[in-house]
Amino acid sequence: TFDGCTKLTSVPETGWKDNMYYTFCNCRSLNQKIVIESASALQSTFFNCSSLSITPTLPETANASMDSTFWYCTSLEYPPQTPLKIISLCNCYRGCSSLKEPPIIPNNVGNILGLVQNSQITNITIPLDTINSYENALQNCTQLTDITWSGKRTADFNLNKLGAPSYTQDDIQELVPEHLEDLYK
C-alpha cells in the first residue's frame, strides 16, 4: 500500500486488516501507534521502518507468516504480542538492533531462521517441539545470556546452528541433558 513512502509520517491508527503484505515496507519516517485488527498476511509489513519505536498492535490470532515483518526496524525496542496460529517468524526481528525484549514464540511455529539476529535481547525462550528451521536465529545477539527451552525435541537439533555467540560448546552441552537427552545419548 505505502511501500517505499520513505517520508510518510502518519497513517490512520486503526482500520488495518486483511493482506498486510509489504503495507509499510520502507516507510522509514513512520513512527506512530498502528493497530492491525486482522491479517491474512503479515510478511514484511514493517520491513525497514527504521524510525518505528512505537510497538504496533497485531491481531490476537492470524493464520499467517510473520517472515521479515519487522526486519531492520532499528528503533523498535519491544516486540508486539505474537498472534496465535503464526507458523513462521523467519527473519521477523532481524536487524532490530534496539530490541531489548525477546518475542514470544508460539508452540506451533516451525521457522525461526534469523529471528532476532543483531538484537540486544538478553534472554529468549525457544519451543523445541515444532521448530524445524532455526539457523542463525540468535546470531550476533551479543547481550544474550539466557536461553530457556520449552518442550522436548524428538528430531535432530543442532544447537550450534542457532548462532548464539555468548554460548560456548561447553554451555551448549550443559543444555543437552534436560531437553535433548534422547537425541544425544
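**Student:** Explain the nonpolar core here, please?
**Tutor:** Burial of nonpolar side chains together is a common tendency in soluble globular proteins. Formed by 48 residues in total, the largest nonpolar core has its most connected members in F24, F70, Y93, L115, I124, I126 and L138. Of all the secondary-structure elements, those providing two or more residues to this core are β1 (123-127) and β2 (146-150).

**Student:** Just to check I follow, could you spell out the environment of L89 for this structure?
**Tutor:** Position of L89 relative to the elements: it lies in the segment before β1. Among the residues examined, L89 registers a relative accessible area of 0% and is labelled buried. Residues L89 and P103, 14 residues apart in the sequence, show an inter-C-alpha distance of 9.7 Å. Setting aside anything within four residues of it in sequence, one finds L89 in contact with M66, D67, T82, I105, P106, V109, N111, I112, L113 and L115.

**Student:** I would appreciate a short explanation of the environment of P56 in the present structure.
**Tutor:** Here P56 shows up in the segment before β1. Residue class for P56 comes out buried when judged on its relative accessible area of 3%. P56 sits 43 residues away from E13 along the chain, and the two C-alpha atoms are 9.5 Å apart. If we ignore the near neighbours within four places in the chain, the residues touching P56 are I34, F46, F70, L76 and P80.

Parameters at a glance
- Residues numbered from 1 in each chain as written.
- Predicted model: local features only at pLDDT ≥ 70, side-chain atom pairs only at ≥ 80, totals over all residues.
- Heavy atoms only, no water.
- Core = buried A, V, L, I, M, F, W, Y, C linked by side-chain atoms within 4.5 Å.
- Buried < 20%, exposed > 50% of the residue type's maximum accessible area, 1.4 Å probe, protein only.
- Helix = DSSP H or I, 4+ residues; strand = E, 2+ residues; numbered from the N terminus.
- Contact = heavy atoms within 4.5 Å.

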